[in-house]
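Here are the chains, one letter per residue:
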Amino acid sequence: RQVAESRERLGQHLDLYQVHSATLESGVLDDGAVLDELARLREAGLRAGLSVSGPRQADVVRRALEIERDGRRLFSAVQATWNLLERSAEDALDEAHRAGVQVIVKEALANGSLTERDEDAAIAPRLDILRAEGARLGVGMDAVALAAALARPWADVVLSGAATPDQLRSNLRALACVWDEAAEARLGGLALDPHAYWARRAGLPWS
(Lines give C-alpha, C1' and ligand atoms only; values in the text may rest on other atoms or scores of the structure.)
Protein backbone atom coordinates (compact mmCIF):
# COMPACT_ATOMS: atom_id res chain seq x y z
CA ARG A 1 0.00 0.00 0.00
CA GLN A 2 2.77 2.42 0.90
CA VAL A 3 4.64 1.69 -2.32
CA ALA A 4 1.49 2.54 -4.30
CA GLU A 5 1.08 5.79 -2.37
CA SER A 6 4.71 6.73 -2.96
CA ARG A 7 4.47 6.00 -6.68
CA GLU A 8 1.28 8.04 -6.91
CA ARG A 9 3.14 11.05 -5.52
CA LEU A 10 6.56 10.58 -7.07
CA GLY A 11 5.89 8.66 -10.27
CA GLN A 12 9.02 7.92 -12.25
CA HIS A 13 11.16 9.79 -9.71
CA LEU A 14 10.87 6.97 -7.18
CA ASP A 15 14.11 4.99 -7.31
CA LEU A 16 14.80 3.92 -3.73
CA TYR A 17 12.28 2.46 -1.28
CA GLN A 18 13.51 2.34 2.31
CA VAL A 19 12.32 0.56 5.42
CA HIS A 20 12.02 3.34 8.00
CA SER A 21 14.04 3.21 11.24
CA ALA A 22 14.81 -0.50 11.17
CA THR A 23 16.01 -1.98 14.44
CA LEU A 24 16.83 -5.51 15.56
CA GLU A 25 14.04 -5.28 18.12
CA SER A 26 11.38 -4.47 15.51
CA GLY A 27 11.95 -7.83 13.82
CA VAL A 28 11.54 -6.37 10.33
CA LEU A 29 14.82 -7.88 9.16
CA ASP A 30 13.57 -11.33 10.18
CA ASP A 31 10.13 -10.94 8.59
CA GLY A 32 10.25 -13.19 5.54
CA ALA A 33 7.07 -11.78 4.02
CA VAL A 34 8.44 -8.22 4.10
CA LEU A 35 11.80 -9.28 2.73
CA ASP A 36 10.19 -11.30 -0.06
CA GLU A 37 8.04 -8.34 -1.06
CA LEU A 38 11.08 -6.05 -1.10
CA ALA A 39 12.83 -8.59 -3.35
CA ARG A 40 9.82 -8.56 -5.67
CA LEU A 41 9.97 -4.78 -5.86
CA ARG A 42 13.69 -4.99 -6.53
CA GLU A 43 13.10 -7.30 -9.46
CA ALA A 44 10.60 -4.73 -10.78
CA GLY A 45 13.33 -2.08 -10.77
CA LEU A 46 12.89 -0.41 -7.37
CA ARG A 47 15.99 -0.44 -5.15
CA ALA A 48 15.51 -1.57 -1.55
CA GLY A 49 17.13 0.27 1.33
CA LEU A 50 16.68 0.89 5.03
CA SER A 51 17.24 3.65 7.52
CA VAL A 52 18.58 2.77 10.95
CA SER A 53 18.35 4.46 14.30
CA GLY A 54 19.44 4.01 17.90
CA PRO A 55 22.62 2.92 19.70
CA ARG A 56 22.75 -0.40 17.80
CA GLN A 57 22.86 1.09 14.31
CA ALA A 58 26.05 -0.79 13.47
CA ASP A 59 24.47 -4.15 14.35
CA VAL A 60 21.46 -3.44 12.15
CA VAL A 61 23.65 -2.41 9.20
CA ARG A 62 25.71 -5.57 9.47
CA ARG A 63 22.59 -7.71 9.73
CA ALA A 64 21.16 -6.05 6.63
CA LEU A 65 24.35 -6.78 4.69
CA GLU A 66 23.82 -10.50 5.31
CA ILE A 67 20.29 -10.66 3.89
CA GLU A 68 20.00 -12.13 0.40
CA ARG A 69 17.24 -13.11 -1.94
CA ASP A 70 17.87 -15.19 -5.07
CA GLY A 71 21.60 -15.20 -4.31
CA ARG A 72 21.86 -11.39 -4.27
CA ARG A 73 22.14 -8.89 -1.43
CA LEU A 74 18.66 -7.48 -0.86
CA PHE A 75 19.50 -3.99 0.37
CA SER A 76 21.49 -1.66 -1.88
CA ALA A 77 21.32 1.45 0.36
CA VAL A 78 21.48 2.28 4.04
CA GLN A 79 20.67 5.58 5.74
CA ALA A 80 22.18 6.12 9.18
CA THR A 81 22.83 8.80 11.75
CA TRP A 82 26.42 10.00 11.81
CA ASN A 83 27.65 13.25 13.27
CA LEU A 84 30.42 14.60 15.45
CA LEU A 85 28.49 13.57 18.56
CA GLU A 86 27.52 10.08 17.35
CA ARG A 87 30.14 8.15 15.40
CA SER A 88 29.47 4.61 16.64
CA ALA A 89 28.25 3.23 13.30
CA GLU A 90 31.12 4.44 11.14
CA ASP A 91 32.98 1.11 10.89
CA ALA A 92 29.80 -0.67 9.81
CA LEU A 93 29.03 2.09 7.32
CA ASP A 94 32.53 1.76 5.90
CA GLU A 95 31.92 -1.99 5.50
CA ALA A 96 28.63 -1.27 3.71
CA HIS A 97 30.29 1.19 1.35
CA ARG A 98 33.06 -1.26 0.55
CA ALA A 99 30.41 -3.87 -0.22
CA GLY A 100 28.89 -1.57 -2.82
CA VAL A 101 25.95 -0.40 -0.72
CA GLN A 102 25.07 3.30 -0.98
CA VAL A 103 25.55 5.08 2.35
CA ILE A 104 23.31 8.05 3.15
CA VAL A 105 24.12 10.15 6.22
CA LYS A 106 21.22 11.66 8.13
CA GLU A 107 21.20 13.94 11.17
CA ALA A 108 24.68 15.29 10.42
CA LEU A 109 23.77 18.31 12.56
CA ALA A 110 22.48 16.10 15.38
CA ASN A 111 18.94 17.48 15.05
CA GLY A 112 20.20 21.04 15.48
CA SER A 113 22.54 20.30 18.38
CA LEU A 114 25.60 21.17 16.28
CA THR A 115 24.35 24.67 15.52
CA GLU A 116 24.22 27.99 17.33
CA ARG A 117 20.65 27.34 18.44
CA ASP A 118 21.55 24.65 20.96
CA GLU A 119 21.76 25.87 24.57
CA ASP A 120 22.31 22.54 26.32
CA ALA A 121 24.91 23.14 29.02
CA ALA A 122 25.81 19.44 28.97
CA ILE A 123 27.41 19.72 25.53
CA ALA A 124 28.45 23.39 25.71
CA PRO A 125 32.19 22.58 25.97
CA ARG A 126 31.94 20.50 22.79
CA LEU A 127 30.12 23.30 21.02
CA ASP A 128 32.82 25.77 22.08
CA ILE A 129 35.40 23.57 20.35
CA LEU A 130 33.24 23.33 17.24
CA ARG A 131 32.65 27.10 17.23
CA ALA A 132 36.39 27.78 17.49
CA GLU A 133 37.10 25.40 14.62
CA GLY A 134 34.47 27.14 12.53
CA ALA A 135 36.20 30.46 13.19
CA ARG A 136 39.50 28.95 12.06
CA LEU A 137 37.97 27.57 8.88
CA GLY A 138 35.89 30.68 8.21
CA VAL A 139 32.44 29.03 8.32
CA GLY A 140 29.64 28.46 10.81
CA MET A 141 29.30 25.53 13.16
CA ASP A 142 26.74 23.88 10.91
CA ALA A 143 29.05 24.00 7.89
CA VAL A 144 31.90 22.45 9.89
CA ALA A 145 29.65 19.62 11.08
CA LEU A 146 28.44 18.94 7.54
CA ALA A 147 32.00 19.13 6.20
CA ALA A 148 32.98 16.47 8.74
CA ALA A 149 30.32 14.15 7.35
CA LEU A 150 31.23 14.94 3.75
CA ALA A 151 34.86 14.08 4.54
CA ARG A 152 33.99 10.47 5.42
CA PRO A 153 35.25 8.37 2.49
CA TRP A 154 32.31 6.01 2.89
CA ALA A 155 29.61 8.70 2.79
CA ASP A 156 27.90 8.80 -0.61
CA VAL A 157 25.15 11.28 0.30
CA VAL A 158 24.92 13.70 3.24
CA LEU A 159 21.47 15.09 3.96
CA SER A 160 21.23 18.73 5.04
CA GLY A 161 17.90 18.94 6.81
CA ALA A 162 17.73 22.70 6.17
CA ALA A 163 14.23 24.10 6.69
CA THR A 164 14.76 27.73 5.64
CA PRO A 165 16.67 29.49 2.82
CA ASP A 166 19.12 30.97 5.34
CA GLN A 167 19.83 27.54 6.82
CA LEU A 168 20.40 26.13 3.35
CA ARG A 169 22.79 28.92 2.41
CA SER A 170 24.73 28.40 5.64
CA ASN A 171 24.79 24.62 5.17
CA LEU A 172 26.09 24.94 1.62
CA ARG A 173 29.22 26.67 2.89
CA ALA A 174 30.32 23.19 3.93
CA LEU A 175 31.19 22.57 0.27
CA ALA A 176 33.87 25.26 0.45
CA CYS A 177 35.16 24.13 3.86
CA VAL A 178 38.52 22.39 3.49
CA TRP A 179 38.49 19.53 6.00
CA ASP A 180 42.07 18.99 7.12
CA GLU A 181 44.04 16.91 9.60
CA ALA A 182 43.84 19.69 12.18
CA ALA A 183 40.05 19.67 12.04
CA GLU A 184 39.97 15.90 12.41
CA ALA A 185 42.32 16.05 15.38
CA ARG A 186 40.43 18.84 17.15
CA LEU A 187 36.92 17.53 16.55
CA GLY A 188 37.50 13.79 16.61
CA GLY A 189 36.96 13.63 20.37
CA LEU A 190 33.54 15.29 20.50
CA ALA A 191 31.59 12.03 20.31
CA LEU A 192 29.30 11.03 23.17
CA ASP A 193 28.71 7.50 24.36
CA PRO A 194 26.07 6.22 21.90
CA HIS A 195 23.60 5.28 24.63
CA ALA A 196 23.98 8.75 26.18
CA TYR A 197 23.56 10.34 22.75
CA TRP A 198 20.34 8.50 21.95
CA ALA A 199 18.94 9.09 25.43
CA ARG A 200 19.58 12.80 24.98
CA ARG A 201 18.05 12.74 21.49
CA ALA A 202 14.89 11.12 22.86
CA GLY A 203 14.47 14.10 25.16
CA LEU A 204 14.77 16.76 22.46
CA PRO A 205 11.67 18.90 21.81
CA TRP A 206 10.19 18.10 18.39
CA SER A 207 8.10 20.53 16.38
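Refer to the structure printed above.
These numbers were taken from a predicted model, which means no experiment stands behind them. (Residues numbered from 1 in each chain as written. Predicted model: local features only at pLDDT ≥ 70, side-chain atom pairs only at ≥ 80, totals over all residues. Heavy atoms only, no water.)

### Regarding the pairing of strand E6 (residues 102–106)
Line of reasoning, step 1. With respect to burial, E6 is a largely interior element, 4 of its 5 residues being buried.
Line of reasoning, step 2. Inspection of the sheet shows strand E5 (residues 77–81) paired to E6 by 5 bridges, in the parallel sense. When the bridges of E6 are listed, Thr81 appears paired with Lys106.
Line of reasoning, step 3. Following the chain from E5 across helix H4 (residues 90–98) to the adjacent parallel E6, one finds a crossover that is right-handed. (Buried < 20%, exposed > 50% of the residue type's maximum accessible area, 1.4 Å probe, protein only. Helix = DSSP H or I, 4+ residues; strand = E, 2+ residues; numbered from the N terminus. Pairing = 2+ DSSP bridges. Right-handed = clockwise from strand over helix to strand, strands pointing away.)

### A short note on the packing of helix H5 (residues 124–137) against helix H6 (residues 141–150)
Line of reasoning, step 1. Relative orientation of the contacting elements H5 and H6 amounts to 90 degrees, with a least axis distance of 8 Å. With respect to H6, the element H5 is oriented roughly perpendicular. In contact with Leu127, Leu130, Arg131, Glu133, Gly134 and Leu137 of H5, H6 contributes Met141, Val144 and Ala145. (Axes fitted to C-alpha atoms, helices over the stretch in contact; angles between N-to-C directions. Parallel < 35°, antiparallel > 145°, perpendicular 65-115°, else oblique. Contact = heavy atoms within 4.5 Å.)

### Some words on the pattern of salt bridges
Should their charged atoms come close, side chains of opposite charge can pair.
Line of reasoning, step 1. All chains considered together, the criterion is met by 24 salt bridges.
Line of reasoning, step 2. The residue Glu90 makes a salt bridge to Arg87 at a minimum N-O spacing of 3.5 Å.
Line of reasoning, step 3. For Glu90, a relative accessible area of 22% translates into the label partly exposed.
Line of reasoning, step 4. One network of salt bridges, in which partners are shared, links Arg87, Glu90, Arg152 and Glu184. (Salt bridge = Lys/Arg side-chain N within 4 Å of Asp/Glu carboxyl O.)

### Concerning H4
Line of reasoning, step 1. Along H4, the residues that are buried comprise Ala92, Leu93 and Ala96. Buried residues of H4, viewed axially, fall in a sector of 100 degrees; they line one side. Away from its buried face, by an angle of more than 90 degrees, H4 presents the exposed residues Asp91 and Arg98.
Line of reasoning, step 2. Taken together, the buried residues of H4 touch helix H3 (57–66), E5 and E6.
Line of reasoning, step 3. In the segment just after H4, Gly100 is the residue with positive phi, at about 90 degrees. (Arc of directions from axis to C-beta.)

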